[in-house]
Amino acid sequence: MRTVERTVCDPNCHANPKCGLRATVENGRIVEIGPADYPIEGFENRICLLGRARLEQHEHPGRLTKPLKRVGARGAGEWEEITWTEAARLFVTTHKRIAAAHGERSVSFQQISGAYGLLTRNSPVRYASLTGATVIRPSGIDFGVAKGLEAMFGIPASTYFSPGGHSHDDAINSELTIIWGGNPAVTKRVDQVALRRARKAGTMLICIDPVQSETAKMSDEWISLRPGSDGALAWSLVHQLISTDRFDVEFVSTHTNLPFLLDAEAATVMCRDTEPLVWCAARNTAVPVSAASEPVLRVDRSLDGRRIVSVFSEIERLAAQFSADAAEQLTGVPADVIESLATRYIEADPAAIRIGYGVDRWYSADLSARAIAMLACLGGYIGIPGGGVSLEGGNQSLPIKTARFAMPGQRRPALLSMMEADSAVIDGTPYPVKMTCISLGNPFNQVKPNRNRVLTEHIAGLDFICVIDQFMTDTAKWADLVLPSCSIFEKDDVVVDRFVQLQQRIVEPVGEAKSDFEIFRLLAEEYGIGEHFSEPPDVYLDDILDGDSPQLVDVTMERLRREKVVFPWPTNDPYVGFRDRVFLTPSGRIEFFTEHLRAYGAELPYFREPIEASPEHPLFERFPLVLLSSHSRHRIHSTFANLEMTKRSEPEPVVRVSPRDARTRKIRDGEIVEVVNDRGRVAIRCAIDETIRDGCVLIREGHWIDDFIEGDPYGLTHDQHSPTTENYAHYDVLVELRRIP
Ligand code: SF4
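Residues numbered from 1 in each chain as written. Predicted model: local features only at pLDDT ≥ 70, side-chain atom pairs only at ≥ 80, totals over all residues. Heavy atoms only, no water.

### Quick word on the packing of aromatic side chains
Rules: Two rings belonging to Phe, Tyr or Trp (six-membered ring only in the last case) form a pair when the distance between their centres is within 6.5 Å. Interplanar angles under 30 degrees mark stacking, angles over 60 mark edge-to-face geometry, and anything in between is tilted. A run of DSSP states H or I qualifies as a helix once it reaches four residues; a run of E qualifies as a strand once it reaches two. Both are numbered from the N-terminal end. Exposure is judged per residue with a 1.4 Å probe applied to protein chains only, and the accessible area is read against the type maximum: over 50% gives exposed, under 20% gives buried, and values in between give partly exposed.
Tallying each qualifying case throughout the model produces 26 aromatic pairs. With 6.3 Å between their ring centres and 90° between their planes, W362 and Y731 make a pair best called edge-to-face. Of the two residues, W362 is situated in the loop between β18 (351-355) and α14 (365-378) and Y731 in the loop between β32 (710-711) and β33 (734-739); the sequence distance between them amounts to 369 residues. The class for W362 is buried, based on a relative accessible area of 4%. With 4.9 Å between their ring centres and 50° between their planes, F499 and F567 make a pair best called tilted.

Written as structure tokens, this is what we have:
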């Protein structure tokens, strides 16, 4: 029998919408994958090579088919197949024993970013809520820029600024789009088409990146800067605009806290009856902001014996340190290029900025993001088509109520960031965590930095590790119990972004693999709370979709089962964040000055040198190269890295180095070299690549550990992190490249 079914691909590729897949099924086996139809125009042939590779992933001979219990030493690869009944008993007995000894919160659940189905992501959270356990919330990687934009605009970082950004198709409304530290030509597999279309229609693309990436090559201009100096470049552009009075006075006076007055000594916002004060030109005095007819931007004076300054004057003073010449020294970008960029940005009608994760993986990523976002505000480009600042593609927010499922009856899990969870395991602070259950990810590959410390301290500090996965990943190898999970074709779920799409079980699972929902239902039954997982998936999904949003009123599982995909919006116009100019900050304005970050010295987006990858760092003498580890087009982090398709395209990991850096080290193209620092070492083939900036090397992330000749690059990174980002600084790393004697 032959049928054609629709389902949806849902990895961490940030495609919006995730791509619908049309799967041809013959006699219970998928024989072909292709792009699915959508109910509206504009999404034809939407699939990338990884979507097509879903079939190879689904049928891969390495799929796990039975629960596995460790029988040898951890990491030795000795396993015993056990039944699901035995696996559930082992898990729950251990869970109860550890909770009794160390407290309910000492058992943690962590879902990384491997899939985005509502049930798949939230089943472990429901189980954790019901048992009083800990959930490790989004953090650790790709979170720094979102934290910075949260401070400025009030959009929670957990949304990755999606409600504040602009959809990719809005690029056509820009005269100029700056792609800052991102490589959408590789990472926005399907949405980058919108950028290409916009460029064809006349949008100028400028790419700011240390590396001449695929995106730099498709842009009108590439500006190469010293890695980690993004904040300095942004401040210099701010200086160019402010020092020449080329900015939107009305916008910043009305929608930002630039006019607010600060007590210069205390560095606090001055208020009257909790309302911020501004200097009123008409009355020549400080008045509550709601009473000011003409707020003055430049204020630096005394009032009642105190020196008062406006936020604007503080920004102007700080920006003055970043003249084009000074910024050239810091960033490596020629002064005339900085001046020209500022002019083109402010004269565009309008200009957009898209920030990528190249800005993100630094200790002070939040400060860099805030400095970059200041530009969009000075331009008055917020809330208008073709303008704005985006991290990922912006998206209409459907108020999906996952908490109804994830936190039943108001029961909530304890929450820790990834960093807090590390110290909970290693030091027992803020409380001990002794057991973890990891699903949807491979954090012992590259998400957790300083892999050698992960192996010696984090893994050693855990009494029990359970991993739920389709494959024996670099994380699963260190588990005590591995539970086999379903491919996207073997489970029922719903994926929500711009569309609401059904993910459906179109073939039976391989072996004894189960969906994440089924796994947690089994664990809940064993624990004695099975009544909370007893309904069929559609009942829970209906409950989640039953939100207050008018768009969701008619979206039910019954309808999704019939139509498979629903577009819940009245129009398909490009999405523009902040059209209503409503900002969810404490002041209701875009906050250049963020008072609650004063405790961290981050009330203003100061430029800070990278914490390690800087010529000023003592390690620079011995390790003068910055290690970059950007994405590959053939993987999403480590997902898909084990497929033949990937291995054909990228047969082995390589370290890319500029011709000059190779020459000074007498390294030949194709030679096996070592990349080292005091934390680790990897032996790897070298590729001399003229797109790499001098002073950097690049090893694309996501290769599995066994793919390296010796060692791995994930042990070269460090685990220092800023308290204001909840983000590891994966790029903020110094190394040296050497011939192997
Ligand atoms: S991996 Fe490719 S096919 Fe799948 S959702 Fe992302 S862009 Fe679409």
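Don't stop here, the text continues.
### Focus: the pairing of strand β22 (residues 464-469)
For the record, the criterion: One bridge is not enough; two strands pair if DSSP finds at least two bridges between them.
Most of β22 sits out of view: 6 of its 6 residues are buried. With burial as the criterion, each face of β22 is covered, one bearing F464, C466 and I468 and the other bearing I465, V467 and D469. Across 5 bridges, strand β21 (residues 435-439) lies against β22 in parallel orientation. Bridging across to β22, C437 finds its partner in C466. Note that β22 and strand β23 (residues 481-484) share 4 bridges and pair parallel. Residue pairing across strands places D469 opposite P484, the latter belonging to β23.

### Some remarks on the nonpolar core
Basically, it comes down to this: Residues belong to a common nonpolar core when they are buried Ala, Val, Leu, Ile, Met, Phe, Trp, Tyr or Cys residues joined through side-chain atoms within 4.5 Å. Contact between two residues is taken to exist if any of their heavy atoms lie within 4.5 Å; hydrogens are not considered.
Ranked by size, the top nonpolar core spans 77 residues in total, and within it F153, W180, I315 and I382 carry the most contacts. In terms of residue count, α14 provides more of this core than any other element does, 9 residues in total. Apart from residues no more than four positions distant in its own chain, F153 is found in contact with F161, A373, C377, I382, V389, F578, F583, L584, T585 and I590. Core analysis: the second largest hydrophobic core is formed by 65 residues, I82, A88, I98 and M557 among them.

### Focus: the domain arrangement of the chain
Here is the rule: The domain boundaries here were taken from an automatic or database domain assignment. As a working definition, buried area equals the accessible area (1.4 Å probe) given up by two parts on being put together, with both sides summed. In the sections that follow, a salt bridge refers to a side-chain nitrogen of Lys or Arg positioned within 4 Å of a carboxyl oxygen of Asp or Glu. Here a polar contact is taken to be a pair of N or O atoms separated by no more than 3.5 Å, where protein atoms must pair a possible hydrogen donor with a possible acceptor and residues adjacent in sequence count only if both atoms sit in side chains. All amino acids are sorted into three groups, where Ala, Val, Leu, Ile, Met, Phe, Trp, Tyr, Cys and Pro are nonpolar, Asp, Glu, Lys and Arg are charged, and the leftover types, Gly among them, are polar.
Each assigned domain of the chain is listed here: domain 1 (2-59), domain 2 (68-136 + 417-566), domain 3 (145-395 + 581-600) and domain 4 (618-717). Computed over C-alpha atoms, the centres of domain 2 and domain 4 are 32 Å apart. The interface of domain 2 with domain 4 comprises 13 residues on the first partner and 15 residues on the second. In total, domain 2 and domain 4 occlude about 1,100 Å² of area from one another, counting both sides; carbon and sulfur atoms represent 47% of this. On the domain 2 side of the contact with domain 4, N445, Q446 and R451 bury the most area, a combined 39% of that side's loss. Our count for the domain 2 to domain 4 interface comes out at 2 salt bridges. Between R451 and D712 there is a salt bridge, and its shortest N-O distance comes to 3.5 Å. Taken together, the links from domain 2 to domain 4 amount to 8 residue pairs in polar contact (both at pLDDT 80 or more). Mapped by element, the contributors of at least two residues to the side of domain 2 that touches domain 4 are α17 (443-447) and α18 (451-461). Tallied by class, residues from the side of domain 2 that touches domain 4 come to 3 nonpolar, 7 polar and 3 charged.

### With respect to the site of the ligand
To be explicit about the condition: To be near a molecule or strand, a residue needs just one of its heavy atoms within 4 Å of it.
Inspection of the region around the ligand gives C9, P11, C13, A15, C19, C48, G51, R189 and V190 as its neighbouring residues. Looking at the shell around the ligand residue by residue, the classes come out as 7 nonpolar, 1 polar and 1 charged.

### Re the state of the cysteines
Quick note on the threshold: Note on terminology: pairs of cysteine sulfur atoms within 2.5 Å are recorded as disulfides.
Applying the stated criterion to the full structure yields 0 disulfides. We note that C696 lacks a disulfide partner, and the nearest cysteine sulfur, in C207, lies 14 Å from it. Overall, the relative accessible area of 0% leaves C696 in the buried class.

### Structural notes on the side chain of T724
Relative to the elements of secondary structure, T724 occurs in the loop between β32 and β33. A polar side-chain atom of T724 sits 2.6 Å from a polar atom in the side chain of D366. Looking at T724, its side chain comes within polar contact range of the side chain of S722, at 2.8 Å. Every residue in contact with T724, bar those within four places of it in the chain, is listed here: K147, D366, L597, Y600 and A602.

### Focus on the sheet that holds strand β3 (residues 29-35)
Two orientations exist for strands paired in a sheet by backbone hydrogen bonds: parallel and antiparallel. The line we're drawing: All axes are obtained by fitting lines to C-alpha atoms, using only the stretch in contact for helices, and the reported angles, taken between N-to-C directions, cover 0 to 180 degrees.
Read from one edge of the open sheet, 3 strands run β1-β2-β3, paired in antiparallel fashion. For this open sheet the edge positions go to β1 (2-8) and β3, each flanked by a neighbour on one side alone. Between one strand and the next, the sheet's axes are offset by a mean angle of 25°, whatever the strand orientation. Bridge count between β1 and strand β2 (residues 20-26): 7 bridges; the pairing is antiparallel. Residue pairing in the sheet places V8 in a bridge with G20 of β2.

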